[in-house]
There are 2 protein chains.
Amino acid sequence: MNKQPIGFLDSGVGGLTVVKEAMRQLPHEKIIFIGDQARIPYGPRPQQQVIEFTKELTQFLLKKQIKMLVIACNTATAEALSTIKPQLDIPVVGVILPGSRAAIKATRNQHIGIIGTEGTVKSDAYARVIQSKSKHIQVFSIAAPKFVPIVESNEYRSVLAKKVVAETLEPFKQHPVDTLVMGCTHYPLLRPLIQNVMGPRVKLIDPGAETASEVSTLLDYFDIANDDQEYQPVHEFYTTGSTKMFAEIAGDWLNMPDIKPQHVALQAIKLNQVGVES
Amino acid sequence: MNKQPIGFLDSGVGGLTVVKEAMRQLPHEKIIFIGDQARIPYGPRPQQQVIEFTKELTQFLLKKQIKMLVIACNTATAEALSTIKPQLDIPVVGVILPGSRAAIKATRNQHIGIIGTEGTVKSDAYARVIQSKSKHIQVFSIAAPKFVPIVESNEYRSVLAKKVVAETLEPFKQHPVDTLVMGCTHYPLLRPLIQNVMGPRVKLIDPGAETASEVSTLLDYFDIANDDQEYQPVHEFYTTGSTKMFAEIAGDWLNMPDIKPQHVALQAIKLNQVGVES
């Protein structure tokens, strides 16, 4: 029995798509989430900066006595996981491996599409993992830099969103992908629009949902699951940005209309930075 | 890139149901399997003896430089996993946690049935794991001691098998289970007979197949998967019993008609016992 919380970090609110699935699969686990909305987007930033920001958020969560860290952000997973994981003595999980395994399992015609931020697409992280496991699979990746701002500004059901999604995914018309990885945790909020453009036969992979299953497996493997079923966890949500905007999206997306996100100043995040060495 | 083999152990041939699934999901991983047919069944034995036998098989596999150990036997998982896992510095996986998670995910009416050996049922391992995760689930367990000898003697398609399965599962008529865990790695060979008695609406859970997915997750987590896709592994199969009987069942079950199992004398197994302390 281990009631310590699980820490989730993201560049913004997108990681809540992973949290939502974790809350469903692991109802007795307490979750602490931090979104770095003050510095979003991470996608276009240089790798060294993404590593630095990710370490700062990690340090904030470690102070909350987390028992496991979930990097609920594709850019941070692609750029920073391999640096951070060996430095911590708790399990660290990213979203790219679970998403890649699910895509390989799903494809029938061996053509997988990836959409992600510039950082994720430039890192080629999905293609490298997928082709290391099955070199016969063709991977076709597209950066979708306009998707994150649309979600973060809570316009993901707008006419603008529909137009941007259609334009961005246009190049897939030339590629026979039967499986598309939504390689950024913000994208599942655009799922209906994406499915509409890709057509009903294309299987959409949500790496966040796959990651929640991996969290469950590792909690058991390391024997750190909380099995006290009387425990009703009170989750904590932090943002370096606007709590109002966070509450609107999270309230809607997580169906938690009374969510009370707390603001954390960037300065506090930076001063906290001890224990994770560069 | 790590070409070391994965070790699988079982009391007999049942663990081959896990191997079959691992071969499908992980075609570039070399597998070394040992079945302790000379001392089967493990089910009715005292716990201390199951621990001792499992350690001996583990030691045999460790000498083969395995990078991960899969206890592909429900009785050995229930009785010996918690003793052996902390003693090794490679990942150790059993079949009960993956099977339990899959059963919880599958049930709709919160009534789960378990069939297993006397040892597994007496240990109450499945019920304890399932109820620690979801106390509202009713678990109804039945020991099926006659199933293992039927499979090991290659009679699993016989009229006798049909009769034994029907008689053993009779008590489930009084219990509204919608999910049945085949809690012994031998039982999937009896799957058509079991499904026939339980009816088409009961979901059968094969913990071995679930375990193969967990092996895949952990190979990635610990970064020890073999990603050399040119590598065509030559698997190795050992038995402490009759290689003839082993080859018949394995050839049929794994669709490997030219399988060449090797005999290992129990005496050799025992003399090898170093490194795993009691």
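Predicted, not measured: the structure shown is a model, and the values here were computed from it. (Residues numbered from 1 in each chain as written. Chains lettered and ligands numbered in written order. Predicted model: local features only at pLDDT ≥ 70, side-chain atom pairs only at ≥ 80, totals over all residues. Heavy atoms only, no water.)

Brief notes about the confidence of the model for chain A
Residue and element names in this part refer to chain A. When pLDDT is averaged across chain A, the result is 91; 97% of the residues are at 70 or more. Considering each helix and strand of chain A separately, the mean pLDDT is smallest for helix H12 (residues 266-271), with a value of 84, and largest for strand E3 (residues 68-71), with 98. Segment residues 274-278 is flagged for pLDDT under 50; beyond a separation of four residues in sequence, or across chains, it makes 13 contacts in the model. (pLDDT = per-residue confidence, 0-100. Helix = DSSP H or I, 4+ residues; strand = E, 2+ residues; numbered from the N terminus. Contact = heavy atoms within 4.5 Å.)

A closer look at the interface of chain A and chain B
With 23 residues of chain A in contact, the opposing surface of chain B contributes 22 residues. With both chains or domains summed, chain A and chain B bury close to 2,000 Å², and 43% of this area falls on carbon and sulfur atoms. In this structure, the connection of chain A to chain B is made through 6 salt bridges. Taking the shortest distance from any N to any O, the salt bridge between Lys135(B) and Glu230(A) comes out at 2.2 Å. Scanning the region where chain A abuts chain B turns up 16 residue pairs in polar contact (both at pLDDT 80 or more). Broken down by secondary-structure element, the contributors of at least two residues to the side of chain A that touches chain B are strand E4 (92-93), helix H4 (96-106), helix H6 (125-133) and helix H10 (207-221) of chain A. (Buried area = accessible area lost by both parts, 1.4 Å probe. Salt bridge = Lys/Arg side-chain N within 4 Å of Asp/Glu carboxyl O. Polar contact = N/O pair within 3.5 Å; in protein donor to acceptor, adjacent residues only side chain to side chain.)

Side note on H10(A)
Residues and elements named next belong to chain A. Here H10 is 15 residues long and its end C-alpha atoms lie 21 Å apart, about the 21 Å a rise of 1.5 Å per residue gives. For H10, a buried count of 13 out of 15 residues is recorded, marking the element as mostly surrounded by other parts of the structure. Note on H10: the residue one or two positions beyond its end, Asp223, has a positive phi of about 55°. (Expected span 1.5 Å × (residues − 1). Buried < 20%, exposed > 50% of the residue type's maximum accessible area, 1.4 Å probe, protein only.)

Digging into the domain arrangement of chain A
All names here are of chain A. With domains assigned, chain A is organised as domain 1 (6-93 + 209-271) and domain 2 (96-207). Computed from C-alpha coordinates alone, the two centres of domain 1 and domain 2 are separated by 22 Å. In this assembly, 28 residues from domain 1 lie in contact with 27 residues from domain 2. When domain 1 packs against domain 2, the two sides together hide about 2,100 Å² of surface, and 55% of this comes from carbon and sulfur. Our enumeration of links across domain 1 and domain 2 arrives at 2 salt bridges. Residue Arg101 is joined to Glu214 by a salt bridge in which the shortest nitrogen-to-oxygen separation is 2.5 Å. When the residues that make up the side of domain 1 that touches domain 2 are grouped by side-chain class, the tally is 11 nonpolar, 11 polar and 6 charged. (Domains from an automatic or database assignment. Nonpolar A, V, L, I, M, F, W, Y, C, P; charged D, E, K, R; others polar.)

Some details on the sheet that holds strand E3 (residues 68-71) of chain B
Residue and element names in this part refer to chain B. Pairing within the open sheet is parallel, and its 6 strands lie in the order E4-E3-E1-E2-E9-E10. In this open sheet, the two edge strands, each paired with only one partner strand, are strand E4 (92-93) and strand E10 (262-263). Across 2 bridges, the pairing between strand E9 (residues 236-239) and E10 is parallel. Each bridged residue has a counterpart across the sheet, and for Thr239 the counterpart in E10 is His263. Running over the sheet, helix H10 (residues 207-221) touches strand E1 (6-10), E3 and E4 and is turned about 165° from E3. In this fold helix H11 (residues 243-253) packs onto strand E2 (31-35), E9 and E10, with an angle of close to 135° to the strand it touches most, E9. (Pairing = 2+ DSSP bridges. Axes fitted to C-alpha atoms, helices over the stretch in contact; angles between N-to-C directions.)

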